[in-house]
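Residues per chain are reported as follows:
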Amino acid sequence: MTPPNPTTAPPVLCGQAIPPAVWEGIRTEFGLPTLAQVRSRLTSIHADPEPIMRQLVRIFLGDEVLCPGYQFTETLEVKPAVRDLFARAMELRIAHNYFSAWMTTPCPALDGRRPVDLLHHPTPPILHALERFGTSKNTTTKQKVKTWN
């Protein structure tokens, strides 16, 4: 399966199915290790990996729990910009899967750019785009999010 072209892929629409190509694109471009793999790696370099584990963006696909690689630095720390955006996403009650898909697909509020490509820029434009995404129709859920694989 060919991952979506980041410049032509449609934006994520909350409440609608996330195409499997989004997950494959994340896997191809950034890596998509399992939560167990991340925990094992963190345990090998940190005496107590739990504080980092609690900050992780996760993708729930079927029975798998995966961690998109775009959130990690080379030393396996959570990138501060991703950590801050994800914390706000949780306040806005944006489900993990929607946040992950939003991060890697073109965003109309960012002139069609992907949030993941703007992590080294000042955070406010991305944060404002996330808040627009979070207040759009059908983005929040109080129940388990349906997963697509």
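**Considerations on the packing of aromatic side chains**
And step 1. According to the stated counting rule, one finds four aromatic pairs in the structure shown.
And step 2. Where Phe-86 meets Phe-99, the ring centres are 5.4 Å apart and the plane angle is 55°; that geometry is what we call tilted. On the criterion of sequence distance, the pair formed by Phe-86 in helix α4 (residues 80-91) and Phe-99 in helix α5 (residues 96-103) is long-range, its members being 13 residues apart. Considered together, Phe-86 and Phe-99 belong to a single accessibility category, that of buried residues.
And step 3. With 6.1 Å between their ring centres and 35° between their planes, Phe-99 and Trp-102 make a pair best called tilted. Of this pair, Phe-99 and Trp-102 both sit in helix α5, three residues apart, roughly one helical turn. Here Phe-99 matches Trp-102 in class, with each residue buried.
And step 4. Among the aromatic side chains, those forming a connected cluster through ring pairs are Phe-86, Phe-99, Trp-102 and Phe-133.

**Examining the packing of α4 against helix α6 (residues 123-135)**
And step 1. One can describe the packing of α4 onto α6 by two numbers: an axis separation of 10 Å at closest approach and a directional angle of 25°. Judged by the angle between their axes, α4 and α6 are roughly parallel. In this structure, the crossing between α4 and α6 has a hand that is right-handed. From α4, Leu-85, Arg-88 and Ala-89 reach across to α6, where they touch Thr-123, Ile-126, Leu-127, Leu-130 and Glu-131.
And step 2. When its residues are assigned to classes, the contact of α4 with α6 shows five nonpolar, one polar and two charged.

**So, helix α1 (residues 20-30)**
Note: α-helices contain 3.6 residues per turn, so residues at a spacing of three or four share the same orientation.
And step 1. What α1 keeps buried is the set Ala-21, Val-22, Trp-23, Gly-25 and Ile-26.
And step 2. Where the residues of α1 are buried, they touch β1 (59-61) and α5.
And step 3. Phi turns positive, to about 90°, at Gly-31, one or two residues after α1.

**Some points on unusual backbone geometry**
And step 1. The phi dihedral of Leu-76 falls on the positive side, at around 65°, and the residue is not glycine.
And step 2. With respect to the secondary-structure elements, Leu-76 resides in the loop between β2 (64-66) and α4.
And step 3. Here Leu-76 falls in the buried class, since its relative accessible area comes to 11%.
And step 4. Even without being glycine, Arg-93 reaches a positive phi, approximately 65°.
And step 5. Mapped onto the elements of the fold, Arg-93 is located in the loop between α4 and α5.
And step 6. A relative accessible area of 42% places Arg-93 in the partly exposed class.

**Quick word on the nonpolar core**
And step 1. Counting 32 residues, the largest nonpolar core has Trp-23, Ile-94, Phe-99, Trp-102, Met-103 and Leu-130 as its most contacted members.
And step 2. Breaking this core down by element, the ones donating at least two residues are α1, β1, α4, α5 and α6.
And step 3. Membership of the second largest hydrophobic core comes to ten residues, among which are Ile-52, Met-53, Leu-56 and Cys-67.

**Description of the confidence of the model for the chain**
Close reading of the predicted structure is inappropriate where its pLDDT is low.
And step 1. Per-chain confidence: the chain averages 84 in pLDDT, with 81% of residues scoring 70 or above.
And step 2. By mean pLDDT, α6 is the weakest element of the chain at 85, and β2 is the strongest at 97.
And step 3. Low pLDDT, under 50, characterises residues 1-8; the stretch is placed with 14 contacts to residues that sit more than four places away or in other chains.
And step 4. Low confidence marks residues 139-149, where pLDDT is under 50. Its contacts with residues over four positions away, or in another chain, come to 27 contacts.

The rules behind each value
- Residues numbered from 1 in each chain as written.
- Predicted model: local features only at pLDDT ≥ 70, side-chain atom pairs only at ≥ 80, totals over all residues.
- Heavy atoms only, no water.
- Phe/Tyr/Trp six-rings, centres within 6.5 Å; stacked < 30°, edge-to-face > 60°.
- Helix = DSSP H or I, 4+ residues; strand = E, 2+ residues; numbered from the N terminus.
- Buried < 20%, exposed > 50% of the residue type's maximum accessible area, 1.4 Å probe, protein only.
- Axes fitted to C-alpha atoms, helices over the stretch in contact; angles between N-to-C directions.
- Parallel < 35°, antiparallel > 145°, perpendicular 65-115°, else oblique.
- Left-handed = near helix turned anticlockwise from the far one by under 90°.
- Contact = heavy atoms within 4.5 Å.
- Nonpolar A, V, L, I, M, F, W, Y, C, P; charged D, E, K, R; others polar.
- Core = buried A, V, L, I, M, F, W, Y, C linked by side-chain atoms within 4.5 Å.
- pLDDT = per-residue confidence, 0-100.

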